[in-house]
Amino acid sequence: MEWTQLQYFQTVAQMQHFTNAAEALSISQPALSRSVARLEEELGVPLFERQGRTVSLNTYGQIFLNRVNRAIQEITIGQQEIQDLVDPLKGSVSLGFIHSQGSNLVPDLLGLFRKNFPDIRFMLSQNVTNQILDQLEAGEIDFCFCSQPFSRENIHWIQLLTEEIILIVPKEHPHAKRSTVNLQELSEEPFITFKTELSLGETIYRIFKEAGFSPKVTFEGEEVGTVAGLVAAKLGIALIPKIRTFEMMGISQVHVSEPQCQRIIGMAWVEGRYVSPAAKHFKEFVLEHFENANR
């Protein structure tokens, strides 16, 4: 069994098409077919169900793919460890973050960090909390910035900052010129909210509960920009995280005095998993940065 056979098998399993996989691997399709056939012969079982040019994994193939994925990941980590030892001030960091941190937290931190480590590269992934936590658990990213993952026991999370949640209303709204408002005053207003499967949605619905009412929801969105755009279109009002660079014509931002409107953002990683020296430098930088900022 050869290393290339495992790589070829993995690619065919992912693409489910021999011709496309051969193009991706820059080899001929007959050569790829022969390699997979030799692998199946060595294992003594077929790995794929073939339907014309397309293929799909059978039960044997799925079992074997799980092990191949782990083996290739381990070899890749070993290669990375050796490269890191050769030059610990280079390398890369894989970082995930929720959408609202893409305009403030992440650019600020990366800009400061790269002043001291200009040769370290970043691979960034932006998504909702649950999906970036899935990526973290799968080993696809080193760290992520998100709200606290209560149901992920194998993930270590540390608080970094508290983010204010503000009210946004159309410019013509009766409360548009107020500096503060009690959320209870708005119990009869139509609200645009975030989906409850998002951590931000969970946080905002908890705020409504603390205010003592259930909102009259006209729409549930996934991104701050979409929610703000609908507020500007006068389809309702909304609670969103206060973002420094956030500006939009047609809306006003109002501070909420009661209940307390905020969410906590932290950094998460899987304890005990190998991370490169570059990633260790970044983790130490982030923790020190916020320790100093919170003094």
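Residues numbered from 1 in each chain as written. Predicted model: local features only at pLDDT ≥ 70, side-chain atom pairs only at ≥ 80, totals over all residues. Heavy atoms only, no water.

1. Brief notes about the environment of Cys261
So the rule is basically this: Elements are defined by DSSP. Helices are runs of H or I of four residues or more, strands are runs of E of two residues or more, and each kind is numbered from the N terminus. By the convention used here, residues are in contact when the closest approach between their heavy atoms is within 4.5 Å.
Mapped onto the secondary structure, Cys261 falls in the loop between β11 (251–258) and β12 (262–270). As for Cys261 and Glu210, which are separated by 51 residues in sequence, their C-alpha atoms are 9.9 Å apart. Every residue in contact with Cys261, bar those within four places of it in the chain, is listed here: Glu163, Glu164, Ile165, Ile207 and Val256.

2. Considering the packing of aromatic side chains
To keep it simple, the criterion reads: Note on aromatic pairs: the rings of Phe, Tyr and Trp (six-membered ring only in Trp) are paired at centre separations within 6.5 Å, and the planes decide the class, stacked below 30 degrees, edge-to-face beyond 60, tilted for the rest. Buried residues are those whose accessible area, probed at 1.4 Å on protein chains only, stays under 20% of the maximum for their type, while exposed residues exceed 50% and partly exposed ones sit between those limits.
Going through the model one piece at a time under the given rule, you end up with 14 aromatic pairs. On the numbers, 5.3 Å between centres and 50 degrees between planes, the contact of Phe9 with Phe64 is tilted. With Phe9 in helix α1 (residues 3–15) and Phe64 in helix α4 (residues 59–86), the pair connects residues that are 55 residues apart, well separated along the chain. You'll find Phe9 and Phe64 in the same group, each marked buried. An aromatic cluster of three or more residues is present, and its members are Phe113, Phe117, Phe122, Phe143, Phe145, Phe282 and Phe285.

3. A closer look at empty space enclosed by the protein
It is a probe the size of a water molecule, rolled over the atoms, that shows where empty space is left. This is how it is decided: Only protein atoms enter the calculation, which uses a 1 Å grid: trapped sets of points that fit a 1.4 Å probe without letting it out are cavities, open sets showing protein on both sides within 12 Å along at least five of seven lines are pockets, and any residue with an atom within 4 Å of a point is a lining residue. Grid points are joined across faces, edges and corners, and a volume is the space filled by probe spheres set on the points.
Across all of its chains, the model carries 1 cavity of 30 Å³ or more by this definition. Roughly 130 Å³ of internal volume is contained in the largest cavity. Looking at the largest cavity, it is lined by 14 residues, and the ones nearest its centre are Ile98, His99, Leu200, Glu222 and Arg263.

4. Quick look at the nonpolar core
Note the following rule: Residues grouped as a nonpolar core are buried Ala, Val, Leu, Ile, Met, Phe, Trp, Tyr and Cys residues, joined through side-chain atoms within 4.5 Å.
Counting 36 residues, the largest nonpolar core has Phe145, Phe282 and Val286 as the members making the most contacts within it. No other element matches helix α9 (residues 277–293), which puts 6 residues into this core. Not counting chain neighbours up to four residues away, the residues in contact with Phe282 comprise Val93, Leu95, Leu110, Phe113, Phe122, Phe143, Phe145 and Met267.

5. Notes on the pairing of strand β6 (residues 155–170)
Formally: Two strands form a pair only when DSSP identifies at least two bridges running between them.
Taken together, the 9 bridges between β6 and β12 define a ladder with antiparallel strand orientation. Bridge assignment links Gln159 to a residue of β12, and that residue is Gly266. Inspection of the sheet shows β6 paired to strand β10 (residues 238–241) by 4 bridges, in the antiparallel sense. From the neighbouring strand, Leu167 faces β10, where its bridge partner is Leu239. Sheet topology places β6 next to β11; 4 bridges connect them, and they run antiparallel. Note on β11: the bridge partner recorded for Leu167 is Val254.

6. Notes on the side chain of His17
Threshold: Any N or O atom pair separated by 3.5 Å or less is treated as a polar contact, with the protein-specific requirement of one donor-capable and one acceptor-capable atom, and with residues adjacent in sequence counted only for side-chain atom pairs.
Inspection of the secondary structure assignment puts His17 in the loop between α1 and α2 (18–25). Residue His17 is classed as buried on the basis of its relative accessible area, which comes to 14%. A polar atom in the side chain of His17 sits 3.3 Å from the backbone nitrogen of Thr19.

7. Thoughts on the pattern of salt bridges
Just so we agree on the cut-off: Salt bridges are identified by distance alone: a Lys or Arg side-chain nitrogen within 4 Å of an Asp or Glu carboxyl oxygen.
Inspection of the entire model under this criterion finds 6 salt bridges. Across the pair Glu40 and Arg50 runs a salt bridge, and its minimum N-O distance is 3.2 Å. Taken as a pair, Glu40 in helix α3 (residues 29–43) and Arg50 in strand β1 (residues 48–51) lie far apart in primary sequence, 10 residues in all. The exposure class assigned to Arg50 is partly exposed, which follows from its relative accessible area of 44%.

As far as function goes, none of this settles anything; it's purely spatial.
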